[in-house]
Amino acid sequence: MSDVVRVESLKSDLGVSRTVSLPRQELEEGWVRAEIERVALSTNNMTYAVYGDALGYWNLFPAVDADHGCIPVWGFAHVTESRVAEIAEGTRVFGYFPLSNELVMQPTGITTRSFVDGAAHRTGTPKVYNIYEIKPEPASPRSDSFVSIFRPLFIASYTAADFLRERNYFGAGQIVISSASSKTAYGVAHCIADDTSAVKIGLTSARNLDFVRQIGCYDQVVEYGDLASIDLGVPTLYVDLAADPELRHRVHEHFGDDLVYDCLVGSTQGVQLPDPAAPDETLSGPQPEFFFAAMQVDAYKAAGQARAFMERYERDELTFTERVADLGNPWMRLEEHDGLSAAPSVIAQLHDGTVDPAVGHIFEIRPAGAGG
Ligand SMILES: NC(=O)c1ccc[n+]([C@@H]2O[C@H](COP(=O)([O-])OP(=O)(O)OC[C@H]3O[C@@H](n4cnc5c(N)ncnc54)[C@H](OP(=O)(O)O)[C@@H]3O)[C@@H](O)[C@H]2O)c1
């Protein structure tokens, strides 16, 4: 039996990762072994790592030593060994994995559509991170790659757009979106593109200005340093993907009383998030309000609309990914790495912000359809 290979990152310096080799665990009754097929890495995964201790992400896939953590990633796997009567070998799942070639799970809450890994160390984290959706074989490995990258990101873009639209954009005539080159940010811009009630302005770094202009989904593109050039006197909504405190202060100061809402969706800069219990008295205007995709999805569930929401979502996600991949002017091209050997270097680039926004990183660990 071959070893388990896993990439672990140093908690005190997320740019430093190592590959460890571990013996395979014997399966106990009630456990399954999933061989991981294909996973994606983007800044979103680094955000999980930044809040690994604060929000419990490090507990999901315990590392060998306490000073290291396994960065969680989304992707596909096949169950290759099962000691659970309801889960057949060969079952394909989509969910949350370590950067590894396998994961041993203890399925609970098994239905024909999904199960939950009920391992004791995972019980403290929200269900969304412990649920594995059972999937048919893929239309193509390429479609799996797009789902691995965009399912966790576009659901945030989509639900944030829903949330803001339902509130009439808080009356805004312009919407300023930071870290505009990020996939989650341009997903928001795509979702509200047809809504002409507000001008969409992408805020980005000098390095990514050309990329953001070229994708063409914002009405205006402004470099962080030129924030002061954005029109005043227009009710303005800030959709913050960067969470940069210095930028937040500049945004609040520039727009003053015209800032109608500060929607904090992401944290690409990997900084400490504001404490909702301790408002920042030095900040003029509205305090940032956290937005979590899971809360919006929960609201649909509570209203008995979960199934209808997911049907609408999956249809619109497909339209979005087709646009992203459009050969005439692709917003992103896939870089599919064979195995995990390139993962430490991609993690280092994501950590220091040098990753090319036009690239989507995929790690193909076990070829789809390979025998167990
Ligand atoms: N609230 C939710 O429910 C939810 C759900 C999904 C994702 N998110 C968040 O959305 C954010 C974007 O994730 P993503 O995967 O879409 O990002 P991505 O596509 O990998 O974004 C890359 C961009 O982020 C900025 N960036 C990345 N690393 C940086 C660094 N070290 N220093 C400075 N800037 C850096 C740069 O944009 P600029 O040059 O344009 O600034 C870069 O082009 C993440 O923080 C993620 O956690 C939130």
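Since we're looking at a predicted model, the values are computed, not measured.

Caption draft 1: Representation of the nonpolar core within the structure. One finds Phe 150, Ile 177, Tyr 186 and Tyr 218 to be the most contacted residues of the largest nonpolar core, which totals 52 residues. Only helix H2 (141-166), strand S11 (174-177), helix H3 (183-191), helix H4 (209-215), strand S14 (236-240), strand S15 (259-264), helix H6 (293-302) and helix H7 (306-325) provide two or more residues apiece to this core. Residue contributions to this core peak at twelve residues, all from H2. In terms of domain composition, this core takes at least three residues from each of domain 1 (4-137 + 333-364) and domain 2 (152-295).

Caption draft 2: Representation of empty space enclosed by the protein. Under the criterion given, the structure shown has one cavity of 30 Å³ or more. Around the largest cavity, the lining residues are Ala 40, Leu 41, Ser 42, Asn 44, Asn 45, Trp 74, Ser 148, Ile 149 and Pro 152. Every element with two or more residues in the lining of the largest cavity is listed here: strand S3 (32-41), helix H1 (43-50) and H2. The element contributing the most residues to the lining of the largest cavity is H2, with three residues. Its residues placed into classes, the lining of the largest cavity shows five nonpolar, four polar and no charged.

Caption draft 3: Focus on the layout of surface pockets. Quantified by volume, the second largest pocket comes out at close to 410 Å³. Along its surface, the second largest pocket is lined by 21 residues, and Arg 6, Gln 25, Pro 62, Leu 103 and Val 104 are the ones closest to its centre. For the lining of the second largest pocket, the secondary-structure elements that each account for two or more residues are strand S1 (4-10) and strand S7 (102-105). A total of four residues in the lining of the second largest pocket trace back to one element, the largest contributor, which is S7. Looking at the lining of the second largest pocket residue by residue, the classes come out as twelve nonpolar, four polar and five charged.

Caption draft 4: Spotlight on H2. Between the first and last C-alpha of H2 there are 36 Å, a value that for 26 residues agrees with the 38 Å anticipated at 1.5 Å per step. Phe 150 marks the point of greatest bend in H2, at about 50°, and the proline Pro 152 comes within the next four residues. With 21 of 26 residues buried, H2 lies mostly within the body of the structure. Within two residues after H2, Asn 168 carries a phi angle of roughly 55°, on the positive side.

Caption draft 5: Up close: the domain arrangement of the protein chain. The domain boundaries assigned to the protein chain delineate domain 1 (4-137 + 333-364) and domain 2 (152-295). Centre-to-centre, using C-alpha coordinates, domain 1 lies 30 Å away from domain 2. Residue-level contacts link 15 residues of domain 1 with 13 residues of domain 2. Taking both sides of the interface into account, the surface hidden between domain 1 and domain 2 amounts to around 1,000 Å²; carbon and sulfur atoms contribute 63%. At the junction of domain 1 with domain 2, the criterion picks out zero salt bridges. Counting the contacts that link domain 1 with domain 2 gives four residue pairs in polar contact (both at pLDDT 80 or more). Broken down by secondary-structure element, the contributors of at least two residues to the side of domain 1 that touches domain 2 are H1 and strand S18 (359-364). Top element by residues in the side of domain 1 that touches domain 2 is H1. It accounts for five residues. Split into classes, the residues belonging to the side of domain 1 that touches domain 2 amount to eight nonpolar, seven polar and no charged.

Caption draft 6: Expanded view of the packing of aromatic side chains. Per the counting criterion, the structure on display carries 30 aromatic pairs. Aromatic side chains Trp 74 and Phe 94 sit 6.0 Å apart centroid to centroid with 20° between the ring planes, which places their arrangement in the stacked category. Of this pair, Trp 74 sits in strand S5 (residues 73-82) while Phe 94 sits in strand S6 (residues 92-97), placing them 20 residues apart in sequence. Accessibility classification places Trp 74 together with Phe 94 in one group, the buried group.

Caption draft 7: Here's a closer look at the sheet that holds strand S13 (residues 220-223). In spatial order, the strands read S13-S12-S11-S14-S15-S16; together these six strands make up an open sheet with parallel pairing. The sheet is open, and its two edges are formed by S13 and strand S16 (289-290), each paired on a single side. Sheet topology note: the S11/strand S12 (residues 199-204) ladder contains four bridges and is parallel. Of the residues in S12, the one forming a bridge with Gln 174 is Val 199. Together, S11, S12, S14 and S15 form the strand contacts of helix H5 (residues 245-255), whose direction differs from that of S15 by roughly 165°.

Calculation rules
- Residues numbered from 1 in each chain as written.
- Predicted model: local features only at pLDDT ≥ 70, side-chain atom pairs only at ≥ 80, totals over all residues.
- Heavy atoms only, no water.
- Core = buried A, V, L, I, M, F, W, Y, C linked by side-chain atoms within 4.5 Å.
- Buried < 20%, exposed > 50% of the residue type's maximum accessible area, 1.4 Å probe, protein only.
- Helix = DSSP H or I, 4+ residues; strand = E, 2+ residues; numbered from the N terminus.
- Domains from an automatic or database assignment.
- 1 Å grid on protein atoms, 1.4 Å probe; cavity = no way out; pocket = protein on both sides within 12 Å on 5 of 7 lines; lining within 4 Å.
- Points joined across faces, edges and corners; volume = space filled by probe spheres on them.
- Nonpolar A, V, L, I, M, F, W, Y, C, P; charged D, E, K, R; others polar.
- Expected span 1.5 Å × (residues − 1).
- Bend = angle between axes of the 7 residues up to and from the residue.
- Contact = heavy atoms within 4.5 Å.
- Buried area = accessible area lost by both parts, 1.4 Å probe.
- Salt bridge = Lys/Arg side-chain N within 4 Å of Asp/Glu carboxyl O.
- Polar contact = N/O pair within 3.5 Å; in protein donor to acceptor, adjacent residues only side chain to side chain.
- Phe/Tyr/Trp six-rings, centres within 6.5 Å; stacked < 30°, edge-to-face > 60°.
- Pairing = 2+ DSSP bridges.
- Axes fitted to C-alpha atoms, helices over the stretch in contact; angles between N-to-C directions.

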